[in-house]
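Coordinate inspection notes
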Amino acid sequence: MPQQRFDQAKPFLTLALVLAAWLVVPTAVKRFLRAGFFEMQAPVEATASYVRDLQDFWSLKTRSNNELIEAGRDLVHLNAAYEIRLQQDAGLRDEIERLGDLLKLPAPDGYRAEPARIVRRDFSGWWQQIVIRKGCNYGITEGAPVIYVGGVVGRVREVHAYTSVVDLISSPGVRIAACIEGDMRPISYQGGVNPTLAPARGTVEYVPVDIFVTPAAPRRLVTSGLGGVFPANLTIGYITGVEPSTDGLFKTGDVQLEPALSALTEVTVLVPQGPAAGK
Amino acid sequence: MADTVAERSSGLVETHKGYNPRVLFFYFLIAAMLLALTGGLAYRQLASNDLYHEREKTQNQRRILVPGPRGNIYDRDGRLLVSNRPRFAVTLYLDELRKEFRSQYIAIRKAYREADDKNLPTATQMERIARFTVVQRYLDQVNRTLGRHEELDADELNKHFSQQLLLPYLLVDDLKIEEYARLIEQLPVVSPLQVYTSSIRDYPLGSLAAHTLGYVTGNDNIDASDEDFSGSDFARFTDKTTFKMKGTIGREGLEANFDSLLQGETGGAIYRVDPAGYRVNPPLSKHQPVHGRDLHASLDAELQIAAEKVMTETELNSAAVALDVKTGEVLVLASKPDYNLQNFVPHLSHEAAKDISDRGAWINRATTGLYPPGSSFKILTSIAGLRAQTIDPAATVNCPGYLQVGGRQFPCHGGHAHGDMNLAQAIEKSCNVYFYHQGLAMGVDTLAAEARRFGFGSPTSIEVPETKGSLVPDPEWKMRRRDEHWFPGDTANFAIGQGDLLVTPLQMAAFIASFARDETITVPTLEHDPAHPVQHTAPTGLRPEQRAAMLEGMEACTVTGTAKVLSSPFMKIEGLRIAGKTGTAQKQTEKGTINFAWFICFAPIEDPRIAIAVVAEGDIAGEEFAGGRYAVPIAQAILKKWNEKQGRAPAAGVGIATP
C-alpha cells in the first residue's frame, strides 16, 4: 500500500525536484538554456512563417485576371505617388543639408530601414511582444525603434541570430519621450497593463496643465524626437482624456493605440547608423 | 511454584492508591507555571499591545513624507503672479542596489586578497568603496546619455546612505527639458535610476511686486498634520522612522503670511524595511500629496506693472501704493529697488544676496519705509483746523514768504511770497505760511489727536510686514524721549508734515483713501474679495462746504498748482478729475539734506474709486526734489492705466509685458 502511494506521488516529487534544481542553477546557465531554446525554436517559427507567406501567395493566385489587373493598376498609381514623394523628399533633404552646411550643424543621425515579417505574436496583460524574422543576420540592434505605416510599433528588446523580439508600445516596459501634435513640450508615454480581449492602451504622464483633451476631440500623440531613440513625428496613438494629478503640476491621461498593432504582418526596423549607432 | 511467581508479580506491579502528595505538589507547580506563562502572554498580547506595536513599527516600518506643491497666487483679475514649475532630476534609489553593493564588495575584497595587499581596508571602508563604485557606474550611464561630466561626492553619498537610505539619492539636478526627454526614453522603465519631479516656485512676471509676493525657502521639517494619513502616529516615534523630502516655507510677503493656506498637503508612503533598513516593496500605505489652495491677491498686475515701469525709469529709491477707496484692497504695492524673485529658485546664491543687500533692496519701502510726509500732510492739518473751527475756508492769511516763530524764521514753500491765501489756494499752492498759522492756532494736541484719529502712529494691519515705528510726535513724547520741551516751532513744523513726524507710504495711501470716502480709517488688505465689501468707519466730521473747499484746493493742485504737470498735454488723463497734494520733505543725513518727493491723490473726485500715495527718495544732497517732478509721474502712470481699464472686461490670464 505505501509503495503504491509513493508511485502515485512520483510525478509531483519529480516536478518539485526539477523546480528545486532550476532554482539553484546559476543564472548564466539559465540564460544559455533560454537562448538555446529560442535559437532552436527560431527555424521552426521562421519556416511556419514562410509557409504562411506561400499560402497567401497561392490564395492570391486564385484571384481572377481582372482583379489582378485592377490591383496592378492601383499599384502603379501608388508607385507613381510614392515616386513623386520621393523626389520631393530628396529636394527637401538637399535643402536641409544646404542649410545645415550654412549653419555648420553636425550631420544628423540616420537610420537604415530594415523591413521584417512578423513570425509570432505574444500578447498578455503584462507584456505584448512580437517576434520578427530578422536578427543579427541583418544587423538589427537591441533598442532599435520599430515602425509601420501607421506609426510606432515598439522597440527591439532581444536580438537572436535569425529573429528578434520586439516590445510593442502597448507593453508596460516601453517608455517614449512623446509630444502632442503641434506642441513641442515633451511628455512621457508608457504602455499600460492591458486587459485581455480589450483594445491596447497606454498612458501619458507629465502632460502640461494647459493641455485639454476630451474623448470627443482626441489629440494625436507623436514621438518628440528628443529622446534620441525614435525619430520625430511618428504617431503613437490618440490621447482620449487627461486629468490633473493631485500635485497639480501635470496631467495624466489615457492613450488609445491603433487596433492594427495586433494584426500587423510586416514592420520596419530603423537600425541606427552613424554616431547614433554607438549609443 | 506458581504461587511464588504470583507473589513476585504482585510485588512488581505498581498500584495507585488515591493521590500522592508529592505528585500533587508538582501538579500545582506546573499549573502555576502554566498560569504564569498564560498570564504573561495575555499581558503582552492584550495589555502591552500598543507598546509592542509601536516597537514593531519603530523597528520595521519607515515613513517617507513628500511635500504637496504650494498653491498659486493670482491677481484680482485672475492673472498668474506666482505658480509652480516642475523641476526634473535624476535620482538613484540606493535601497534597490543592495545586491549590487554586495557583489561589488565581494569583488573588491577578492581583488585585495589576490593582490596580497598589506594595506587591506576594513570591512566598513570596503563597503564604502563598493557603494561609491556602484553609484559611480550609474552616474557614468547618466553622463553618457546626457553628455555631462557630473562627479560624485563620496561624503555626501555616505551621509545619504546612513541617514536617508529610503529617499532617492540625487545624482543630477535641474535637468533641461531635452535631457529629461532623453532620460525617459533611454532609461529602462524598471531601473534604480529614475527621473524625479519636484515643484519649485515660478514667478512669470519676474520681479513684479517682489516685496509684496515674498519668497519661499527650503523646509527640511515638513509636517504631516492630516489625521487621515495612516502614518501620522509616526510623529510620536523617533526621527529615524520618518524620512522627509525637502519642502518649502514662505519667508516674506504673501508667501509667509498666507503660508498655511498656500502650503500643500503632505503625502507619502509607509514601507516595511528589513533589519538593515532596506525597503521591502510594495508600500503598506500611500497618501498622495495635494496641491495647496490658491490665493487671489488684491493686486492689479497691470497697474503694478505701470507703476514699477516708471519707478524703474526714475532710477530712484521709491514706493507707491494704490488702494481701492471703497474696499481698502491694495491695487499697487511697489517698492524700488527690488529683486528678481526668479533668483530665489531653487535657492538664492550668496552673490545675489549680497547684491540685494548692497542695493538696499531687501526693504519694502511701501510698508516699512519711514518718511516725514512733508506738505502732503497739510490735508490732515486742514481737516484738524476745520474740525477745531480754527480754519475758516473763506478767511485769508497773508503770506509774505516766511513766518517768524520765536527766534526762528520759517520759510514758505519755495521761499516765495504768496500774498493772501484762503484754504483752497493754500492747498493748491502748498503755502507753508498759511499752515504755520493754522497749526499754531489749533495747537499741537489737536493736530496730533487728529493724526491719530486717521490711523497715523499705528500699523495699518495689512497682511505683509510693516513697521511699528511710525510716529506722531507731541510734547509728552518729546519730553519722554529727548527730555526737551515742545516749542511753537515744533508745532509749525508738524503742521507742514516736517519735524519728527514719520509715516509710511501705505499709511498715507490709507489716509487719503479714508478722506476720499469722507471717513477716518481704511484698513488695507491684500486679499481680494470678489464680493467687494465696502469699508465704513467713523466720518471725518467735516461739513459739506468745508470738504468742498478742500476738494477745490486739491483739484486745483493737479490743474494749476504744484502738481499741474498732471494737466500738461503729455500727462493729462482725459475725463478724469483728480484731487491731489504734493509734498517735499527733508531729512538730515551724513551726506547732507536729502529730499523726499511725495504725491497723494484720489480719483475721480465725484465718485472716488482709487487712492494713491507715492514717495521718491532723492539721492543727491541739496538737490531740488519736488513731488510734482518725481512722484506725480508714477501716480499718473497708475491712474492712466486704471482709467484705461474702466469699462473694459478684465483679460484674465493674458500675458503682459513686465517693466
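Because the structure is a prediction, the values reported are computed rather than measured.

**Considering the overall build of chain B**
For chain B, the count of helices and strands is 23 helices and 20 strands. Each of the 659 residues in chain B was classed as buried or not, and the buried ones make up 44%. By sequence separation, contacts in chain B at least 24 residues apart represent 76% of the contacts at least 6 residues apart.

**Things to note about the overall build of chain A**
Scanning chain A from N- to C-terminus turns up three helices and twelve strands. At 24 Å, chain A has a C-alpha radius of gyration far larger than the 19 Å of a compact globule built from 279 residues. Taken along its principal axes, the extent of the C-alpha atoms in chain A is 90 × 65 × 45 Å. The buried share of chain A, taken over its 279 residues, is 28%. Long-range pairs, those at least 24 residues apart, make up 59% of the contacts in chain A between residues at least 6 apart in sequence.

**Some words on the interface of chain A and chain B**
Counting from both sides, the interface comprises 18 residues of chain A and, opposite them, 19 residues of chain B. Elements represented by at least two residues in the side of chain A that touches chain B include exactly strand E6 (175-180) and strand E7 (187-191) of chain A. With three residues, E6 of chain A is the largest single contributor of residues to the side of chain A that touches chain B.

**Considering the sheet that holds strand E12 (residues 266-273) of chain A**
Residues and elements named next belong to chain A. Here we have six strands rolled up into a closed barrel, ordered E1-E2-E5-E4-E3-E12, and antiparallel in their pairing. Shown here is a sheet whose adjacent strand axes are inclined to one another by a mean of 45°, direction ignored. Sheet topology places strand E3 (residues 145-148) next to strand E4 (residues 151-159); four bridges connect them, and they run antiparallel. Residue Tyr148 lies in a different strand from E4, and its bridge partner there is Gly151. Across the sheet, helix H2 (residues 27-61) touches strand E1 (110-123) and strand E2 (128-132), and the angle it forms with E1 is around 95°.

**With respect to the domain arrangement of chain B**
All names here are of chain B. Per the domain assignment, the segments of chain B are domain 1 (62-296) and domain 2 (301-339 + 364-535 + 542-645). Of the residues lining the interface, 15 residues belong to domain 1; the matching set on domain 2 comes to 14 residues. The class makeup of the residues in the side of domain 1 that touches domain 2 is six nonpolar, six polar and three charged.

**Description of helix H3 (residues 65-102) of chain A**
In an α-helix there are 3.6 residues to a turn, and that puts residues three or four apart on one side. All names here are of chain A. With 38 residues, H3 ought to run about 56 Å at 1.5 Å a step, and its terminal C-alpha atoms sit 55 Å apart, in line with that. Counting buried residues along H3, only zero of its 38 residues qualify, which leaves the element largely exposed. Trailing H3 by a residue or two, Lys104 shows a phi angle of about 55°, which is positive.

**Observations regarding the domain arrangement of chain A**
All names here are of chain A. Per the domain assignment, the segments making up chain A are domain 1 (2-61) and domain 2 (111-273). The C-alpha-based centres of domain 1 and domain 2 are spaced at 30 Å. Opposite the six residues of domain 1 that make contact, domain 2 presents nine residues. A breakdown of the residues in the side of domain 1 that touches domain 2 according to their chemical character gives three nonpolar, one polar and two charged.

**Considerations on the pairing of strand E5 (residues 164-168) of chain A**
Residues and elements named next belong to chain A. Along E5, five of the five residues are buried, which leaves the element largely enclosed by surrounding structure. Neither face of E5 is open: one carries Ser164, Val166 and Leu168, the other Val165 and Asp167, and all of them are buried. The sheet contact formed by E2 and E5 spans four bridges and is antiparallel. Paired with Val131 across the strands is Val165, a residue of E5. When E4 meets E5, the two strands line up antiparallel, connected through five bridges.

**Thoughts on the pairing of strand E3 (residues 80-92) of chain B**
Residue and element names in this part refer to chain B. Taken together, the two bridges between strand E2 (residues 73-74) and E3 define a ladder with antiparallel strand orientation. By the bridge assignment for E3, Ile73 is matched with Val82. Between the end of E2 and the start of E3, which pair antiparallel, lie five residues, with Gly78 showing a positive phi angle near 85°. Pairing analysis gives ten bridges linking E3 to strand E5 (residues 193-202), with the strands arranged antiparallel. Within E5, the position partnered with Arg85 by the bridge is Ile200. Bridge count between E3 and strand E4 (residues 169-172): three bridges; the pairing is antiparallel. Looking across to E4, one finds that Leu92 is bridged to Tyr169.

**Some words on the confidence of the model for chain B**
A low pLDDT means the predicted coordinates there should not be read in detail. Residue and element names in this part refer to chain B. With 90% of its residues at a pLDDT of 70 or more, chain B shows a mean pLDDT of 86. In the predicted structure, residues 652-659 sits below a pLDDT of 50 and forms 17 contacts with residues beyond four places in sequence or in another chain. Prediction confidence for the complex, expressed as pTM and ipTM, is 0.73 and 0.75 respectively.

**Regarding the nonpolar core**
Residues and elements named next belong to chain B. Ala320, Val321, Ala322, Ala509, Ile512, Ile612 and Ile638 are the most contacted members of the largest nonpolar core, which has 125 residues in total. Per-element accounting of this core gives the leading share, nine residues, to helix H20 (residues 505-516). Each of two domains, domain 1 (62-296) and domain 2 (301-339 + 364-535 + 542-645), supplies a minimum of three residues to this core. Leaving out residues up to four positions away in the same chain, Ala320 has contacts with Ala307, Met311, Val332, Ala334, Ala366, Val614, Ile634 and Ile638.

**Things to note about the environment of Ser245 of chain A**
In this structure, Ser245 of chain A sits in the loop between strand E10 (235-244) and strand E11 (251-256). With residues up to four places along the chain from it excluded, the contact list for Ser245 of chain A reads Phe250, Lys251 and Thr252 of chain A.

**Brief notes about the confidence of the model for chain A**
Residues with a pLDDT of 70 or more make up 92% of chain A, whose mean pLDDT is 86. The lowest-confidence element of chain A is helix H1 (residues 2-24) of chain A, averaging 84 in pLDDT; the highest-confidence one is strand E9 (residues 219-223) of chain A, averaging 94.

**So, unusual backbone geometry**
Residue and element names in this part refer to chain B. Across the junction of Lys336 and Pro337, the peptide omega takes the value 0°, indicating a cis bond. Put simply, Ala603 and Pro604 share a cis peptide bond, and its omega is -15°. If you trace the backbone, Pro604 turns up in the loop between strand E19 (592-603) and strand E20 (610-617). Backbone geometry places Ser430, a non-glycine residue, at a positive phi of 55°. Tracing the sequence through the fold places Ser430 in the loop between helix H15 (423-429) and helix H16 (432-442).

**Quick look at the sheet that holds E6 of chain A**
Strand order in the closed barrel made by the six strands is E6-E7-E8-E11-E10-E9 (chain A), with antiparallel pairing throughout. Going from strand to strand, the sheet's axes swing by 40° on average, the running direction of each strand aside. With three bridges joining them, E6 of chain A and E9 of chain A adopt antiparallel strand pairing. By the bridge assignment for E9 of chain A, Ala178 of chain A is matched with Thr223 of chain A. Taken strand by strand, helix H7 (residues 177-186) of chain B contacts E6 and E7 of chain A, and its axis lies near 135° from that of E6 of chain A.

**Quick look at H7 of chain B**
Counted residue by residue, H7 of chain B has seven buried out of ten residues, so it is predominantly covered. Looking at H7 of chain B, one finds that the buried residues are Glu179, Tyr180, Ala181, Arg182, Leu183, Ile184 and Glu185 of chain B.

**Notes on the environment of Gln342 of chain B**
Residues and elements named next belong to chain B. Turning to its location among the elements, Gln342 is positioned in the loop between strand E13 (330-336) and helix H12 (350-358). Of the residues examined, Gln342 has 14 C-beta atoms within 10 Å and is grouped as partly exposed. Note: C-alpha distance between Gln342 and Thr314 (28 residues apart in sequence) is 23 Å. Every residue in contact with Gln342, bar those within four places of it in the chain, is listed here: Tyr203 and Gly206.

Criteria and cut-off values
- Residues numbered from 1 in each chain as written.
- Chains lettered and ligands numbered in written order.
- Predicted model: local features only at pLDDT ≥ 70, side-chain atom pairs only at ≥ 80, totals over all residues.
- Helix = DSSP H or I, 4+ residues; strand = E, 2+ residues; numbered from the N terminus.
- Buried ≥ 20, exposed ≤ 12 C-beta atoms within 10 Å, placed from the backbone.
- Contact = placed C-beta atoms within 7 Å.
- Rg over C-alpha atoms; globule rule 2.2 N^0.38 Å.
- Pairing = 2+ DSSP bridges.
- Axes fitted to C-alpha atoms, helices over the stretch in contact; angles between N-to-C directions.
- Domains from an automatic or database assignment.
- Nonpolar A, V, L, I, M, F, W, Y, C, P; charged D, E, K, R; others polar.
- Expected span 1.5 Å × (residues − 1).
- pLDDT = per-residue confidence, 0-100.
- Core = buried A, V, L, I, M, F, W, Y, C linked by C-beta atoms within 7 Å.

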